[in-house]
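Overview (structure and organization)
Okay, here's what each chain looks like letter by letter:
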Amino acid sequence: MQLHSVNVGTPVTVPARGGLLRTGIYKHPVTGRVRLGHTNLEGDGQADLQHHGGPHQAVYAYSRDHYAWWAQQLERDDLTPGQFGENLTIGGLDEDEVCIGDVWRVGETLLQVSQPRIPCHKLAHRMGLPDFVRTFTQSERCGCYLRVLQTGKLGAGDRVSLTEREEQPMSVRAIFRLRLLQPDDPDATERASQLPGLSPEWREYFAGRRLAMVAGA
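Calculation notes
- Residues numbered from 1 in each chain as written.
- Predicted model: local features only at pLDDT ≥ 70, side-chain atom pairs only at ≥ 80, totals over all residues.
- Heavy atoms only, no water.
- Helix = DSSP H or I, 4+ residues; strand = E, 2+ residues; numbered from the N terminus.
- Rg over C-alpha atoms; globule rule 2.2 N^0.38 Å.
- Buried < 20%, exposed > 50% of the residue type's maximum accessible area, 1.4 Å probe, protein only.
- Contact = heavy atoms within 4.5 Å.
- Areas by Shrake-Rupley, 256 points an atom, 1.4 Å probe, with all protein chains shown as cover.
- Lys, Arg positive; Asp, Glu negative; His and termini not counted.
- Charge placed at Lys NZ, Arg CZ, Asp CG, Glu CD.
- Salt bridge = Lys/Arg side-chain N within 4 Å of Asp/Glu carboxyl O.
- Core = buried A, V, L, I, M, F, W, Y, C linked by side-chain atoms within 4.5 Å.
- Polar contact = N/O pair within 3.5 Å; in protein donor to acceptor, adjacent residues only side chain to side chain.
- Phe/Tyr/Trp six-rings, centres within 6.5 Å; stacked < 30°, edge-to-face > 60°.
- 1 Å grid on protein atoms, 1.4 Å probe; cavity = no way out; pocket = protein on both sides within 12 Å on 5 of 7 lines; lining within 4 Å.
- Points joined across faces, edges and corners; volume = space filled by probe spheres on them.
- Nonpolar A, V, L, I, M, F, W, Y, C, P; charged D, E, K, R; others polar.

**Considering the overall build of the chain**
Within the chain, the regular secondary structure consists of six helices and twelve strands. Here the C-alpha radius of gyration of the chain, 17 Å, is about what a compact globule of 217 residues would show, namely 17 Å. For the chain, the proportion of its 217 residues judged to be buried stands at 47%. Residue pairs in contact within the chain that sit at least 24 positions apart in sequence constitute 73% of those at least 6 positions apart. Of the roughly 10,600 Å² that the chain leaves accessible, carbon and sulfur atoms contribute 48%. Of the charged side chains in the chain, 24 are positive and 26 negative; the average position of the first set lies 4 Å away from that of the second.

As structure tokens, this is what we get:
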């Protein structure tokens, strides 16, 4: 994999549905090398810190390869890096191959895959498509959030190298499907609840679902 673009943006207030929306989803490519701290990139920010940001969602990565697919599906030619709110646009990122807990070296940094992305209404607003949350979910092209194990600088052109993988990994797509599309799998749910690299909120979610399955059996 290779880092194609580093994208940042601070929260802005924009018109939406007859009112105003405060969002940090508008990300744009930056040149040069960018410092990455434990919770965000230099020059970047989130508007809703209850649902975005923090150590387990420090940066969001999305596949450069998905852009051509979306351009064809949506019949659009205006999609540029950062369009999906991602901080890192990465060539070769495949949700079937990337696993929860994977550790990547990118430039001076070490990053760990922590969870898939669940789309929200702000993504639909950014795309200008009211039904895009459903469209994005059904595509299973979700990208992934990363926690920062080692801070430092990174930049476009850096190689993204896998340095560590869990012994019994689950792919980003498998976890995404399990939560949003195919929830009725007790064995997979139990595995997900015990994945060391999965963010605490997701592990707790799957643990609760597993208990509910057992209670309803």
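**Section: the pattern of salt bridges**
Counted according to the given criterion, the structure contains ten salt bridges. With its nearest N and O atoms 2.8 Å apart, the salt bridge here joins Asp158 to Arg33. Of this pair, Asp158 sits in the loop between strand S11 (152–154) and strand S12 (160–164) while Arg33 sits in the loop between strand S4 (28–30) and strand S5 (34–36), and the two are 125 residues apart along the sequence. Classification of Asp158 as buried rests on a relative accessible area of 13%. By relative accessible area, Arg33 is classed as partly exposed at 44%. The shortest N-O distance in the salt bridge between Arg76 and Asp78 comes to 2.9 Å. Residue Asp78 is classed as partly exposed on the basis of its relative accessible area of 39%. A network of salt bridges, in which partner residues are shared, links Glu95, Asp96, Glu140, Arg173 and Arg177.

**A closer look at the nonpolar core**
Ranked by internal contacts, the top residues of the largest apolar core, which has 48 residues, are Leu41, Phe84, Leu88, Trp104, Phe136, Leu146 and Ile175. Excluding residues that lie within four positions of it along the chain, Leu146 makes contacts with Pro55, His56, Gln57, Ala58, Val59, Ala61, Leu88, Trp104, Leu111, Gln112, Val113 and Ser114.

**Concerning the environment of Tyr67**
The topology assignment puts Tyr67 in helix H1 (residues 65–74). Through-space distance from the C-alpha of Tyr67 to that of Ala156 is 17 Å; in sequence the pair is 89 residues apart. The residues contacting Tyr67, other than those within four sequence positions of it, are Tyr62, Leu79, Thr80, Pro81, Gly82, Gln83, Phe84, Glu86 and Thr89. Of note is the side chain of Tyr67, whose polar atom sits 3.2 Å from the backbone nitrogen of Gln83.

**Quick word on the packing of aromatic side chains**
Within the structure shown, the criterion is met by 15 aromatic pairs. Where Tyr62 meets Tyr67, the ring centres are 6.4 Å apart and the plane angle is 75°; that geometry is what we call edge-to-face. In this structure, Tyr62 and Tyr67 share a single accessibility class: buried. Look at Tyr62 and Phe136: their rings are 6.1 Å apart centre to centre, the planes differ by 25°, and that puts the pair in the stacked class. Taken together, the residues Tyr62 in strand S6 (residues 59–63) and Phe136 in helix H3 (residues 132–139) connect sequence positions 74 residues apart. Accessibility expressed as a relative area gives 0% for Tyr62, which makes it buried. Residue Phe136 is classed as buried on the basis of its relative accessible area, which comes to 0%.

**What to know about the layout of surface pockets**
Considering only enclosed or pocket space, the largest pocket measures out at about 330 Å³ in volume. In this structure, the largest pocket is lined by 18 residues; those nearest its centre are His51, Gln57, Gln115, Glu201 and Trp202. Of all the secondary structure elements, the ones that give two or more residues to the lining of the largest pocket are strand S9 (109–116) and helix H6 (200–216). Examining the composition of the lining of the largest pocket, we find that three residues originate from one element, H6, more than from any other. Forming the walls of the second largest pocket are Glu166, Glu167, Gln168, Glu190, Arg191, Gln194, Leu195 and Pro196. Taken together, the residues that form the lining of the second largest pocket break down as two nonpolar, two polar and four charged.

The values are spatial; any link to function lies outside them.
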